[in-house]
Amino acid sequence: MSEQARITGKAAAIRFENLDTDQIMPKQFLRGIDKAGLDKGVLYDQRFDGQGKPRPDFVLNRPAYADTRILVGGANFGCGSSREHAVWGLQQFGIRAVIAPSFGEIFYSNAMNNRLLLVMLPREVIEALMDAVDADAGNTVSVDVETMQVTTPVGTHGFALSERHRRMFIEGLDMIGLSLKYRAEIEQFAARYWAASPWTRDVARRTRERLGTT
């Protein structure tokens, strides 16, 4: 089994329904021009009070959950805006998978394309799993992409992924890496297309040259 195909680690329950991407990554952490430091913004208003002091009762601030790798969330996790920073921040924070009853559509695409694994399980399983990981911080969860099984303190459960996403995790690829697997076919298609429609090739470059810009 490839290392990329299994995620095992401590899980923490995030007991919010409709947790949106603005809450996962607040706007004040979007000012940079790169991805650096986004871990500081993850769930900021849940982790810190108005004076910037940690909330000791929030699960991810508790020492027992310091090395959490899997979040167990409520329904419609990641709804709201399309900000991809929410995914990048979770990954920088150390999160490798999120298990929930359902996800916001855009967040799901952003997460899977960046290899943050999202797993949907029935609500009753999620509720039981939340109770289990809340009761014992030593509980671990294992997600196996090859067998499409989640092993938890409350049993083993199957889940579904598209074949494209499953392949990405098994082969250790993100969206760009998977696309490059088809580079030869893409280049062949482009060559045929440009041969049939030559006026469509290098339009931006030719426009800049015509306008005298660089």
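Residues numbered from 1 in each chain as written. Predicted model: local features only at pLDDT ≥ 70, side-chain atom pairs only at ≥ 80, totals over all residues. Heavy atoms only, no water.

Across the sheet, seven strands lie side by side as S4-S3-S2-S1-S5-S6-S7; this open sheet has mixed pairing. Lying at the two open borders of the sheet, with one neighbouring strand each, are strand S4 (117–120) and strand S7 (155–158). Between one strand and the next, the sheet's axes are offset by a mean angle of 25 degrees, whatever the strand orientation. In the packing of helix H5 (residues 123–135) onto the sheet, contacts are made with strand S1 (6–14), strand S2 (70–73), strand S3 (97–100), strand S5 (140–144), strand S6 (149–152) and S7, and the angle to S1 comes to roughly 85 degrees. (Pairing = 2+ DSSP bridges. Helix = DSSP H or I, 4+ residues; strand = E, 2+ residues; numbered from the N terminus. Axes fitted to C-alpha atoms, helices over the stretch in contact; angles between N-to-C directions. Contact = heavy atoms within 4.5 Å.)

Between the first and last C-alpha of H5 there are 18 Å, a value that for 13 residues agrees with the 18 Å anticipated at 1.5 Å per step. Residues of H5 that are buried sit in contact with S1, S2, S3, S5, S6 and S7. (Expected span 1.5 Å × (residues − 1).)

If you check the domain split of the chain, you get domain 1 (6–162) and domain 2 (175–212). The straight-line distance from the C-alpha centre of domain 1 to that of domain 2 is 38 Å. (Domains from an automatic or database assignment.)

Residues annotated by UniProt as "domain: Aconitase A/isopropylmalate dehydratase small subunit swivel" (unreviewed entry) correspond here to residues 7–123. Annotated as residues 7–123, this span is 23% helix and 17% strand, and its ends, taken at the C-alpha atoms, are 21 Å apart. (UniProt positions renumbered as here; feature names shortened; annotations may be inferred.)

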